[in-house]
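Each chain, letter by letter, is given below.
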Amino acid sequence: MKGFAGVFTRELLIIKKRFLKMLISFSITPLLYLIAFGWGLGQRMTVEGVPYITFLIPGLIAMGSMTRSFAISSEINIARFYWRIFEEFQAAPVSDLAIAVGEVLGGILRGFLATAIICLFALLFRVRLHVNCVFLLAVLANAFTFSSLALITSMIVRSHADQSMLNNFVITPMAFLCGTVFSLKALPGWAHILIAWLPLSPATRAIRAAALGRPMPWGALVTVFCFGIVFFILGTYTIRSAKA
Amino acid sequence: MIRMENLTKRYGKNTALNNLTLHVKEGEFFGYLGPNGAGKTTTVKILTSLVKPTAGTATIGGHDITRSSLAAKKLIGVVPQAINLDMELTAWENLLIHGLLYRMKRGAIRAEARKWAAFVGLSGALDKPVNTFSGGMKRRLTIARALLHGPRVLFMDEPTVGLDASGRRDLWGLLKRINREGATIFLTTHYIEEAEALCDRVGILDRGRLIALDTPAALIASAGKIVVDVFEGDTLTSRFFPDRASAGAFAATVQGSATIRNANLEDVFVKLTGRRVVP
């Protein structure tokens, strides 16, 4: 397991090199949402008993931590097919589990960076969030789940084009549909049931409840962790199966 | 040190490696020669656990590469054909990651990084980003990285591809020094002169099969020490002779132009397969 330090150190060094670019890039989408929907709509309407901007920010945290954690999929993909850096990991005396831990920790860190940026925006937009251990646990569950999913996809896909297709058909719809920017209560019953099965839905519920200081839906949080554990086990297995 | 028994790799209907049995001794500089697509890289990828064999077994230092892959991997260093350095990071950062992957302590990584950087002539470049390096510097860094953890076997897959003549000669000197320090070297190449200049023994691979295995001198002698190249129109044919006298006698009977020269490993390949080594 110790070899994970090499994989994770690489992630840390890459994040250090690109820190400023990452901060800017991680800021753009939530900032646009907050300006367009938060300022534009947020002051006139309420959703689930709170001003829309207050409802929106935890959703953006769920969305942001998901997309940024999942983005390691593209990074691994480039490391695998373009730079062939992944071969250096595979040729080293490091177990598949250690590689998985290193990569997933890198994804989780990116998820937390995205979360920190949105929390700063919340201060600017004068929305009070409850940033406590429960909130961090909910973000951790979300980031862990989507980093692990990213690991699976990065090992399964055969090209960058496949990776983009996965992003377009799986991640982008999930980012919008899972209660991040609107209340799922507004959806017809069948759609509500369907979307509730996607891992981002319970993650959004847990993050929103924690951020707004509401009672934690522990079932939702456990569900996210269960998704994460299953994805992580599959991800570790796919590293082995990725060998030709 | 390296033992391959009936090693086979198939990709669908295509057999990349066919029933390969080969043993490489400790401290040996072994050359693995063949044209592109012969199965050289597949062999290295199997031995370095990047690819699973379809059949057969391989051991490194007595450790089975599939059943005890972590133990086998600890003994090897790999210089891959494609340079797989992190271009955004510095040379030192690349070496640091490698050392951590091999569970070295930071102090030891720093000491070994300095030692091997000096060995490959990159002492002053450790803190520079790799994307500012020339092709030769990147290649030397991949060698320093492969040596960092003190491997007993060094796999080098076409390490001189993309280097100019002078860079290639510099690298040859470096490889000889590494071998003298005690490392077993498994070098794949399609450069005939490289195998002749460096290797104690050479295996010639063609279409996934090992078709010859011996010292370069013995292989050349087996083909015939002297070659007469005969040019008839656009066609070049080569005839092999045991000595210059018989070669000269034959050349005198040739209608077109003929050249007499010493045989080399490429001639061995031509004689065995009827084709030239095309990179």
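The coordinates are above.
Here is a short report on the structure shown in this document. Everything numeric in this text was worked out from a predicted model, so none of it was measured.

Cut-offs applied
- Residues numbered from 1 in each chain as written.
- Chains lettered and ligands numbered in written order.
- Predicted model: local features only at pLDDT ≥ 70, side-chain atom pairs only at ≥ 80, totals over all residues.
- Heavy atoms only, no water.
- Contact = heavy atoms within 4.5 Å.
- Buried area = accessible area lost by both parts, 1.4 Å probe.
- Salt bridge = Lys/Arg side-chain N within 4 Å of Asp/Glu carboxyl O.
- Helix = DSSP H or I, 4+ residues; strand = E, 2+ residues; numbered from the N terminus.
- Buried < 20%, exposed > 50% of the residue type's maximum accessible area, 1.4 Å probe, protein only.
- Pairing = 2+ DSSP bridges.
- Axes fitted to C-alpha atoms, helices over the stretch in contact; angles between N-to-C directions.

1. A short note on the interface of chain B and chain A
Move 1: Listed as interface residues are 30 residues of chain B and, on the opposing side, 28 residues of chain A.
Move 2: For the pair chain B and chain A, the summed buried area comes to about 2,700 Å², and 59% of that belongs to carbon and sulfur atoms.
Move 3: Broken down residue by residue, the surface that chain B buries against chain A is led by Leu50, Glu88 and Leu101 of chain B, which jointly contribute 24%.
Move 4: In this assembly, chain B and chain A are joined by five salt bridges.
Move 5: Between Glu87 of chain A and Lys45 of chain B there is a salt bridge; the shortest N-O distance is 3.5 Å.

2. Focus on the pattern of salt bridges
Move 1: Overall, the coordinates contain 21 salt bridges over all chains when judged by the stated rule.
Move 2: Where Arg110 of chain A meets Glu11 of chain A, a salt bridge forms, and the shortest distance between an N and an O atom there is 3.3 Å. Note that Arg110 of chain A is positioned in helix H6 (residues 96–124) and Glu11 of chain A in helix H1 (residues 4–17), a separation of 99 residues in sequence. The exposure classification of Arg110 of chain A matches that of Glu11 of chain A, with both residues buried.
Move 3: Salt bridges linked by common partners bring Arg10, Glu11, Arg18, Glu75 and Arg110 of chain A together with Asp86 and Glu88 of chain B together as one network.

3. Things to note about the sheet that holds strand S7 (residues 153–157) of chain B
Residue and element names in this part refer to chain B.
Move 1: Taken in spatial order, the six strands make up an open sheet running S6-S7-S8-S3-S9-S10, and their pairing is mixed. The open sheet has two edge strands with one neighbour each: strand S6 (76–79) and strand S10 (209–214). Between one strand axis and the next, the sheet turns by 15 degrees as a mean value, whatever way the strands run.
Move 2: As paired strands, S6 and S7 are joined by four bridges and run parallel to one another. Within S7, the position partnered with Val78 by the bridge is Phe155.
Move 3: Contacts from helix H5 (residues 135–147) reach S6 and S7, with the element oriented near 170 degrees to S6.
Move 4: The sheet strands contacting helix H10 (residues 265–273) are strand S3 (29–33), strand S9 (201–206) and S10, and the helix crosses S9 at an angle near 40 degrees.

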